[in-house]
Amino acid sequence: MTATTGPRETTEAAEAGGLGGTGWASAGAAVLREAVSDADGPDAPVLVLGIGNELLGDDGVGVVAARRLASAALPGVDVLDGGTLGLMLMPYLAGRRAVLILDAVATAHGRPGDLVVIPDGDVRRGHGVRATAHDIGLVDALAATELAGCAPRHVALVGVVPESITDRWGLSVLLASRVDAMVDAARTVLTEWEVQVPGHA
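A brief look at the structure comes next. Per chain, residue numbering runs from 1 following the sequence as it is written. Reporting in this predicted model follows two pLDDT cut-offs: at least 70 for local features of residues, and 80 or more for side-chain atom pairs to be given and counted; totals over whole chains, interfaces and linings ignore these cut-offs and use all residues. Hydrogens and water molecules were not included; the side-chain quantities draw on all heavy atoms of the structure.

**A short note on the pairing of strand S5 (residues 115-118)**
We count it as follows: Summary of the burial criterion: residues with accessible area below 20% of their type's maximum are buried, those above 50% are exposed, and those between are partly exposed, where the area comes from a 1.4 Å probe applied to protein chains only. Labels follow the DSSP assignment, with helices taken as runs of H or I lasting at least four residues and strands as runs of E lasting at least two, numbered in each case from the N terminus. Should DSSP find at least two bridges between two strands, the strands are taken to pair.
Side chains Val116 and Ile118 project from S5 onto a buried face, and the interleaved Leu115 and Val117 project onto a face without burial. Judged from the 4 bridges that link them, S5 and strand S6 (residues 154-160) form a sheet pairing that is antiparallel. Bridging from a neighbouring strand, valine 116 pairs with glycine 159 of S6.

Structural data, given as structure tokens:
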């Protein structure tokens, strides 16, 4: 298993080039096939992708959960801190057998701390994914892999409803107490995808 923060390092360069916000979609369409052809290819067939901004309190729960999951060796799995890169994650999604996204999520009737597991089709359509810049970009990135013919066969999202998204480093006490449950749910999804997860039935 490989843990990396590489994509986050490209954020400043992308913003300097005018690719922020809604510009991601049009820029992605222009470089779609070039991104696929230039990519070195995934190191593992399964990707666990932590999404969020740790400078915004509970928005960073997906990144925290991914970091915790990465502490255990999972054969055939890469764990990536995707930050808030949105569409620029497309080369990291392309060609994978399966992608599991960890993120803070908002639901119509969810309460802070509720655990949410969103299945494949709903993630690709953006159902249950928050309408923030990085989440919209993520849905666009998945759509881009479909257009390029290199979409992952399986996609799922494990998340927790946030209590507070505000300018603050670190999770609220409630969300910090739910990270283990989020990681356990992620391990269950990986097991269903026939990933060998040590100590998980």
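Next comes the rest of the account.
**Points about the pairing of strand S4 (residues 98-104)**
Within a regular strand, the side chains alternate between the two sheet faces. In terms of burial, S4 is a largely internal element, 7 of the 7 residues being buried. Neither face of S4 is open: one carries Ala98, Leu100, Leu102 and Ala104, the other Val99, Ile101 and Asp103, and all of them are buried. In terms of strand pairing, strand S2 (residues 46-51) meets S4 through 5 bridges, oriented parallel. Paired with valine 46 across the two strands is alanine 98, which belongs to S4.

**A closer look at the environment of valine 160**
Looking at the secondary structure, you find valine 160 in strand S6. Look at valine 160 and you get buried, because its relative accessible area is 0%. For the pair valine 160 and aspartate 103, spaced 57 residues apart in sequence, the C-alpha to C-alpha distance is 7.0 Å.

**Brief notes about the pattern of salt bridges**
Rule in force here: The rule for a salt bridge is simple: a side-chain nitrogen of Lys or Arg has to be within 4 Å of a carboxyl oxygen of Asp or Glu.
On inspection of all chains with the given rule, the structure shows 4 salt bridges. Here arginine 68 ties to aspartate 180 by a salt bridge, and the two come within 2.6 Å at their closest N and O atoms. Residue arginine 68 is found in helix H3 (residues 61-69), and its partner aspartate 180 is found in helix H8 (residues 179-192); the two are separated by 112 residues along the sequence. A residue is classified by how much of its surface remains accessible, and arginine 68, at 37% relative accessible area, is partly exposed.

**Things to note about the packing of H3 against H8**
Under the convention used in this document: Interaxial angles span 0 to 180 degrees and are taken between N-to-C directions of axes, which are lines fitted to C-alpha atoms, for helices over the stretch in contact. It is the rotation of the near helix from the far one that decides the hand of a crossing: anticlockwise by less than a right angle makes it left-handed, clockwise makes it right-handed. Note on contacts: a residue pair qualifies if any of its non-hydrogen atoms lie within 4.5 Å across the two residues. Under this grouping Gly is polar, as are all residues other than the nonpolar Ala, Val, Leu, Ile, Met, Phe, Trp, Tyr, Cys and Pro and the charged Asp, Glu, Lys and Arg.
For the pair H3 and H8, the least separation of the axes is 9 Å and the interaxial angle reads 65°. Considering only the axes of H3 and H8, their crossing is right-handed. Along its contact with H3, which presents Val61, Gly62, Val64, Ala65, Arg68 and Leu69, the element H8 presents Val179, Asp180, Met182, Val183, Ala186, Arg187 and Leu190. For the contact of H3 with H8, the residue count by class is 9 nonpolar, 1 polar and 3 charged.

**Here we look at the environment of threonine 145**
Topologically, threonine 145 is positioned in helix H6 (residues 133-148). In contact with threonine 145, other than residues within four places in its own chain, are Met90, Leu93, Ala94, Cys150, Ala151 and Pro152.

**Things to note about the environment of alanine 65**
Summarising the element assignment, alanine 65 is placed in helix H3. Once the C-alpha coordinates of alanine 65 and methionine 182 are considered, the two residues, 117 residues apart in sequence, prove to be 6.8 Å apart.

**Observations regarding the nonpolar core**
We apply this condition: Nine residue types can take part in a nonpolar core, namely buried Ala, Val, Leu, Ile, Met, Phe, Trp, Tyr and Cys, and a core is a set of them joined through side-chain atoms within 4.5 Å.
If you look at the biggest cluster of nonpolar residues, it comprises 29 residues, and the most contacted ones within it are Val48, Leu100, Leu102, Leu190 and Trp193. Residue assignment for this core shows that the elements contributing at least two residues are S2, H3, strand S3 (77-83), S4, S6 and H8. Take this core: its biggest share by element is 7 residues, from H8. Residues in contact with tryptophan 193, not counting those within four places in the same chain, are Val46, Arg97, Ala98, Val99, Leu100, His154, Val155 and Ala156. Formed by 24 residues, the second largest nonpolar core is a distinct cluster that contains Leu87, Leu89, Val99 and Val123.

Such coordinate-based values are descriptive only and should not be taken to indicate function.
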